[in-house]
Amino acid sequence: MTPPRLQIRDLCKSYAVPVLVGVDFDVAAGEVHALVGENGAGKSTLCKIICGLVPPSAGTLRIDGKPYSPSTINAAGASGVRMVGQELSIVSTLSAAENIFLDGFSDFAGSTGVINRKALHRQARAVMDDVGLTTVSTHELAGNLGVGQQQMLEIARALTRPCRILILDEPTAALTSREVDLLFDRVRALSQAGTAVLYISHRLEEIKTICDTISVLRDGRLVCTRAAQELPTNEMIKLMVGASSGLPDEAPQPAASLHNQCALSVSNLQTDNGVKGVSFQVARGEILGFAGLMGAGRTETMRALFAADPLTQGEIRLGPEQTPVSFRTPADAVAHGLAFVTEDRKQEGLLLPLSIRSNLGMLRLRSWSNVGGVDSTAENQAVKALVSELQIRCHSVEQPVEELSGGNQQKVLIGRWLANDPQVLIFDEPTRGIDVGARKQIYRLLRRLAEQGKAIIVVSSDMPELIELCHRVAVMAHGRIVETFALTPMGTDDALQLSQRMLAAAFDNPTHTACASFERQ
């Protein structure tokens, strides 16, 4: 019999506590194998072991029946193992083309060792077109691209060389439906060519669409490996959380605005990086969503609003009195009651080497300070209350944030802003890389904040998420708001129809059918 492409036997990994315990499963050549589980279940650690980033504490790996124990990521690459990780590894000071061929510059060097730049950019153009980056110049610095575009660069890099095993860890977290479709086409082509694909995602509908087999991890242990078509989504969730999740199949819609008062008004917002006259209002108690394709200007709008990028024109007013404000820096925005949960928690949101306590409490240090220094009792009480409220999985509040799973890192970032009691909260891709249980927790949190009278803005590439959460959704294309939809509770068919109309608006198609008003009661 042909041995499996990847064989994992009794794999264990421990740090301060066990992270993986006796994991066993196989991945066949040409198979798309899903690995699912809550944040902290051990998925990313398992992938890091396969890629040579960390050594196992015990257990064995085999590729095509032969022993495999990579000591570095280069050794794994030499064995045909490649990974697109949840955390980006883009070199921001290099061009898009240079990032794609970062591991293969020698392929473009002649006998003199000089890089043939023309050939490099020509091949990069073909690869970028293949993954949907048709509007991005190969010469553009990677640091100037949005997170979704950087994610596609990572995927393009992984696809430039033949591989026997491809690991995709949350590859669609920052992608829109169009980019997801392009990625799935590439995954199917790779599997048909014999590549084994290990696919990690919290988007369970994707798992059912693209994967042949599903393995479920819970608390570092393998609890199930089944054919995808034989594992219903509800049962998958139950296996992930260890019992009935207690979550309704249809999440309740947000309550109507508590106050008919404007919290934030933005008029004719413009920037040099693609925001072209954006105007909108959000009321107290309202959740306003922003939809659009990659590069539509959603994140750029929020960064300009928060003074992270400079405005060239526009007016911002706060509160029911519509008081004009001018933010020179993000600190000014924070002082006026704004909060911004960035889409890139690793680079822009968290201080990863520092403790959970330091990250959660940094905006409140002044309020805990006295002549003798920081009131550690008050600080610890507040931090532990946030850890409990947000259900952050950790050993202690002194644990470095870099040791947490992606979902728990996101909770720390959200908790930091909540500690400051802001009045207007901007969430850019708030559930990126978060499991189904934590996703529902964040939905409940956003609704609770709205019920308290906070104004909430949610930028998301996930149409069902916006429909489930928001009172209204503004759709952006080419740096402008092209249409705004008001929502009501609706059935599955209505939600699908609305999602299609939002997508048509995102493509800025002048012939798309205008959506009827969906007023949320």
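Residues numbered from 1 in each chain as written. Predicted model: local features only at pLDDT ≥ 70, side-chain atom pairs only at ≥ 80, totals over all residues. Heavy atoms only, no water.

A.B. asks: For this particular structure, what's the right way to read the overall build of the protein?
C.D. replies: Check the secondary structure of the protein and you find 18 helices and 22 strands. A buried classification covers 54% of the 521 residues belonging to the protein. In the protein, the share of contacts with a sequence separation of at least 24, taken over all contacts with a separation of at least 6, comes to 67%. Put simply, the protein shows about 22,200 Å² of open surface, and 49% of that area lies on carbon and sulfur atoms. (Helix = DSSP H or I, 4+ residues; strand = E, 2+ residues; numbered from the N terminus. Buried < 20%, exposed > 50% of the residue type's maximum accessible area, 1.4 Å probe, protein only. Contact = heavy atoms within 4.5 Å. Areas by Shrake-Rupley, 256 points an atom, 1.4 Å probe, with all protein chains shown as cover.)

A.B. asks: Is there a simple way to explain the pairing of strand β7 (residues 165-169) in this structure?
C.D. replies: Moving residue by residue along a regular strand, the side chains alternate between the two faces of the sheet. Most of β7 is tucked away: five of the five residues are buried. Because side chains alternate across β7, one face comprises the buried residues Ile165, Ile167 and Asp169, and the other comprises Leu166 and Leu168, equally buried. Here four bridges tie strand β6 (residues 81-84) to β7, and the two strands are oriented parallel to one another. Paired with Val81 across the two strands is Ile165, which belongs to β7. In terms of strand pairing, β7 meets strand β8 (residues 196-200) through five bridges, oriented parallel. The residue of β8 that forms the bridge with Ile165 is Ala196. (Pairing = 2+ DSSP bridges.)

A.B. asks: Can you help me understand the nonpolar core in this one?
C.D. replies: In globular proteins that are soluble, nonpolar side chains generally tend to be buried together. Counting residues in each nonpolar core, the largest one holds 79 residues, and the members touching the most others are Leu264 and Leu305. The biggest single contributor to this core is helix α16 (residues 436-451), with seven residues. Residue contacts for Leu305: discarding those within four places in its chain leaves Leu264, Val266, Leu269, Phe280, Ile316, Phe327, Leu338, Ile426 and Ile457. In this structure, Ala34, Leu166, Leu190 and Cys224 belong to the second largest nonpolar core, which totals 51 residues. (Core = buried A, V, L, I, M, F, W, Y, C linked by side-chain atoms within 4.5 Å.)

A.B. asks: Is there a simple way to explain unusual backbone geometry in this structure?
C.D. replies: Most peptide bonds adopt trans geometry, and most residues besides glycine take a negative phi value. Phi at Asn268 takes a positive value of approximately 55°, unusual for a residue other than glycine. Residue placement: Asn268 occurs in strand β11 (residues 262-270). You will see that Asp421, though not glycine, has its phi angle at about 50°, which is positive. Along the chain, Asp421 turns up in the loop between α15 (406-418) and β19 (424-428).

A.B. asks: Is there a simple way to think about helix α5 (residues 147-158) in this case?
C.D. replies: A turn of α-helix holds 3.6 residues, and therefore any two residues three or four places apart point the same way. Across its 12 residues, α5 extends 17 Å between first and last C-alpha, which sits within 8% of the 16 Å expected from 1.5 Å per residue. Where burial is concerned, most of α5 is hidden: 12 out of the 12 residues are buried. Of the residues making up α5, those classed as buried are Val147, Gly148, Gln149, Gln150, Gln151, Met152, Leu153, Glu154, Ile155, Ala156, Arg157 and Ala158. Those residues of α5 that are buried lie in contact with β6, α3 (96-100), α4 (117-130), β7 and α6 (177-192). (Expected span 1.5 Å × (residues − 1).)

A.B. asks: Help me understand the packing of aromatic side chains, please; the structure alone is not making it clear to me.
C.D. replies: The description of an aromatic ring pair rests on the distance of the ring centres and on the angle between the ring planes. Tallying each qualifying case throughout the model produces five aromatic pairs. Ring centres 5.5 Å apart and planes at 70° place the aromatic pair Phe306 and Phe340 in the edge-to-face group. With a gap of 34 residues between them, Phe306 in the loop between α9 (298-305) and β14 (313-318) and Phe340 in strand β16 (residues 338-341) connect regions that are remote in the sequence. Side by side, Phe306 and Phe340 carry an identical accessibility label, which is buried. An aromatic cluster is built from Phe306, Phe340 and Trp417, whose rings are joined through pairwise contacts. (Phe/Tyr/Trp six-rings, centres within 6.5 Å; stacked < 30°, edge-to-face > 60°.)

A.B. asks: What exactly am I supposed to notice about the confidence of the model for the protein here?
C.D. replies: Do not read the fine detail of predicted coordinates wherever pLDDT is low. Summing up the model confidence of the protein, the mean pLDDT is 84 and the portion of residues at 70 or higher is 89%. Confidence drops under a pLDDT of 50 for residues 509-521, and excluding neighbours within four residues, the segment shows 31 contacts in the predicted structure. (pLDDT = per-residue confidence, 0-100.)

A.B. asks: What am I meant to see in the pattern of salt bridges here?
C.D. replies: Where side chains of opposite charge bring their charged atoms close, a pairing between them can arise. Inspection of every chain in the model, using the stated rule, returns 21 salt bridges. Where Arg157 meets Glu154, a salt bridge forms, and the shortest distance between an N and an O atom there is 3.8 Å. With Arg157 and Glu154 both in helix α5 and three residues apart, this pair spans about one turn of that helix. Residues Arg157 and Glu154 agree in their burial class; the two are buried. Of the charged contacts, one joins Glu398 and Arg357 as a salt bridge, the two residues approaching to 2.8 Å between their closest N and O atoms. Of the two residues, Glu398 sits in the loop between α14 (376-390) and α15 while Arg357 sits in helix α12 (residues 356-361), which places them 41 residues apart along the sequence. Overall, the relative accessible area of 42% leaves Glu398 in the partly exposed class. One salt-bridge network, in which partners are shared between bridges, spans Arg5, Asp64 and Arg164. (Salt bridge = Lys/Arg side-chain N within 4 Å of Asp/Glu carboxyl O.)

A.B. asks: Would you mind going over the sheet that holds strand β15 (residues 323-325) with me for this structure?
C.D. replies: In any sheet, the strands associate via hydrogen bonds between backbone groups, in a parallel or an antiparallel arrangement. Pairing in this open sheet of four strands is antiparallel, and the strands run β12-β11-β14-β15 from one edge to the other. A single partner strand is all that each edge strand has here, and the edge strands are β12 (276-283) and β15. Strand-to-strand, the axes of this sheet are offset by a mean angle of 20°, without reference to chain direction. As defined by bridge partners, β11 adjoins β12 across six bridges and the pair is classed as antiparallel. Looking across to β12, one finds that Val266 is bridged to Phe280. Relative to the sheet, α9 contacts β11, β12 and β14, its axis offset from that of β11 by approximately 110°. (Axes fitted to C-alpha atoms, helices over the stretch in contact; angles between N-to-C directions.)

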